[in-house]
Amino acid sequence: MTEPLLSIRDLRVTFATDGGVARAVDGVSLDLAAGEILGLVGESGCGKSVTAMSVLRLLRPPARIEPGSEIWLDGRDLLALPERAMRSIRGRRIAMVFQEPMTALNPVLTIGHQIAEVVRVHERASRGAARARAVAALEQVGVPDPDLRARQYPHQLSGGTRQRVLLAMALVLHPAVLIADEPTTALDVTVQAELLALLADLQRRLGMAVLLITHDLGVVAELASRVAVMYAGQLVEEAPVQELFARARHPYTQGLLEAAPRLAPRDGPHGSGGRHGGGAGRLRVIPGTVPPATAWPSGCRFHDRCSAAWDRCEREAPPSHAVDASHRARCHLAAEPERRAALPVALTGSVR
Ligand code: SF4
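Residues numbered from 1 in each chain as written. Predicted model: local features only at pLDDT ≥ 70, side-chain atom pairs only at ≥ 80, totals over all residues. Heavy atoms only, no water.

Q: What should I look at first to understand the pattern of salt bridges in this one?
A: Pairing between side chains of opposite charge can happen when the charged atoms of each approach one another. Tallied over the full model, the rule gives 24 salt bridges. A salt bridge links D26 to R23; the nearest nitrogen and oxygen atoms lie 3.1 Å apart. Residue D26 is classed as buried on the basis of its relative accessible area, which comes to 10%. With a closest N to O distance of 3.9 Å, E194 and R164 form a salt bridge. In this pair, E194 is assigned in helix α8 (residues 189–206) and R164 in helix α7 (residues 159–171), connecting sequence segments 30 residues apart. Of the residues examined, E194 reaches a relative accessible area of 43% and is grouped as partly exposed. Salt bridges sharing common partners tie together D10, R12, R23, D26 and R301. (Salt bridge = Lys/Arg side-chain N within 4 Å of Asp/Glu carboxyl O. Buried < 20%, exposed > 50% of the residue type's maximum accessible area, 1.4 Å probe, protein only. Helix = DSSP H or I, 4+ residues; strand = E, 2+ residues; numbered from the N terminus.)

Below is the structure:
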């Protein structure tokens, strides 16, 4: 990988709860290169959204980013910056789109006003110039009749158009990094496909890096060039998208793939393949549920759901092993080829 644009180092986030301290993110290190789309995948409660909110320092007490955590951008550790400096980075260098546009948009202000405000907070721009930028941003994200739309309120727009408005708001200052947290989850399938195509097109044209947070491996197959899988607050596997879909090494990743409709990544990032739904074979489910963050299991945090587990897994936490130069897996099996070879085929990662 080339020099990372954004680098997360040993990120630890805790929440004080009545049931004890929840270690929501527990030692996550992740790099995002300029111009790449990295998919951050996992079930809800695994820590992926908390990781994203930490990058923008949007978490509020009782959440606490633990000392020793670092998030580097432009040669500066964002976690060490004064809040004033951080405000100028939000929106200008790193922007975020959320899952539910209605909660992110102000219902009593016009769309144009809200996008123009983003410009005026960060730049010395007249009202007219900021408004022109807002209209141009709406046009860039494919909103038809952007001048008219700019004068409308959020409730006058469809769900898909509202999500485009959020995208316009995120991109109006040309950020280097876009964090998209489940950006299409609330939309129907057709609108979702249109928005994913738009996101891929914008990423290519603007050359920005995208951290794409999703529970949906289909979305990852459509868009991402690299994938990081989270489970129980930790990264458990990381690989280029083609490699992960062909040779997942962590039993949790294999379980996610087995639980998804037939998928294959595109021929390359943004190639011509994509989602393959309704294929042959029965879907499997990963047994059990994600444990609470106040009580991660001992040893490997996945051991009580893992059909490949043996006694070592309960005792000893696996480190993140290098499978090859671009592929890592946090599983003892990655360092035990003989044990791995003796497993049923469905657990060796060769099923796809
Ligand atoms: Fe399963 Fe053991 Fe690997 Fe954990 S370390 S994923 S329990 S085989």
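There's more to say after this.
Q: Can you walk me through the site of the ligand in this structure?
A: C300, C306, C313, C331 and H332 are the nearest of the 13 residues found near the ligand. A breakdown of the residues in the shell around the ligand according to their chemical character gives 10 nonpolar, 3 polar and no charged. (Near = heavy atom within 4 Å. Nonpolar A, V, L, I, M, F, W, Y, C, P; charged D, E, K, R; others polar.)

Q: I'm lost on the domain arrangement of the chain in this one. Help?
A: Taken domain by domain, the chain holds domain 1 (4–230) and domain 2 (275–351). Computed from C-alpha coordinates alone, the two centres of domain 1 and domain 2 are separated by 30 Å. Contact residues are listed per partner, giving 16 residues for domain 1 and 7 residues for domain 2. Both sides of the domain 1 and domain 2 interface together cover about 900 Å² of buried area, and 42% of this is carbon and sulfur. (Domains from an automatic or database assignment. Contact = heavy atoms within 4.5 Å. Buried area = accessible area lost by both parts, 1.4 Å probe.)

Q: For this particular structure, what's the right way to read the packing of aromatic side chains?
A: Pairs of aromatic rings are described using the distance from one ring centre to the other and the angle between the two planes. The full count for this structure, using the stated rule, is 3 aromatic pairs. Taking the centre distance of 4.6 Å and the plane angle of 50° together, the rings of Y231 and Y252 count as tilted. Of the two residues, Y231 sits in strand β10 (residues 226–231) while Y252 sits in helix α11 (residues 251–259), which places them 21 residues apart along the sequence. For the pair Y231 and Y252, one class covers both residues: buried. Taking 5.1 Å as the distance between ring centres and 80° as the angle between the ring planes, the aromatic pair formed by Y231 and F302 counts as edge-to-face. (Phe/Tyr/Trp six-rings, centres within 6.5 Å; stacked < 30°, edge-to-face > 60°.)

Q: Would you take a moment to explain the pairing of β10 for this structure?
A: Where burial is concerned, most of β10 is hidden: 6 out of the 6 residues are buried. The alternating pattern of β10 places R226, A228 and M230 and V227, V229 and Y231 on opposite faces, both of which are buried. By the bridge criterion, 4 bridges tie strand β3 (residues 37–41) to β10 in an arrangement that is parallel. By the bridge assignment for β10, L40 is matched with A228. Across 6 bridges, the pairing between β10 and strand β11 (residues 234–240) is antiparallel. Paired with R226 across the strands is P240, a residue of β11. Adjacent in sequence and paired antiparallel, β10 and β11 are bridged by 2 residues, among which A232 carries a positive phi angle near 50°. (Pairing = 2+ DSSP bridges.)

Q: Can you walk me through the packing of helix α4 (residues 111–122) against α7 in this structure?
A: At a closest axis distance of 8 Å, the pairing of α4 and α7 adopts a crossing angle of 25°. Relative to α7, the element α4 lies roughly parallel. The two elements α4 and α7 cross, and the hand of that crossing is right-handed. Here I111, Q114, I115 and V118 of α4 come into contact with α7, specifically with V165, A168 and M169. (Axes fitted to C-alpha atoms, helices over the stretch in contact; angles between N-to-C directions. Parallel < 35°, antiparallel > 145°, perpendicular 65-115°, else oblique. Left-handed = near helix turned anticlockwise from the far one by under 90°.)

Q: What am I meant to see in the nonpolar core here?
A: General note: in soluble globular proteins, nonpolar side chains tend to be found buried as a group. In terms of nonpolar packing, the biggest core is built from 74 residues, with I115, L138, L167, L178, L212 and Y252 touching the most fellow members. When residues of this core are assigned to their parent elements, the largest contribution, 7 residues, is made by α7. If you count residues domain by domain, this core takes at least three from each of domain 1 (4–230) and domain 2 (275–351). With sequence-adjacent residues up to four places away left out, L178 is seen in contact with A95, M96, V97, L167, A170, L171, L199, M208, A209, V210 and L211. Of all hydrophobic cores here, the second largest spans 36 residues; its members include C46, A176, A209 and L235. (Core = buried A, V, L, I, M, F, W, Y, C linked by side-chain atoms within 4.5 Å.)

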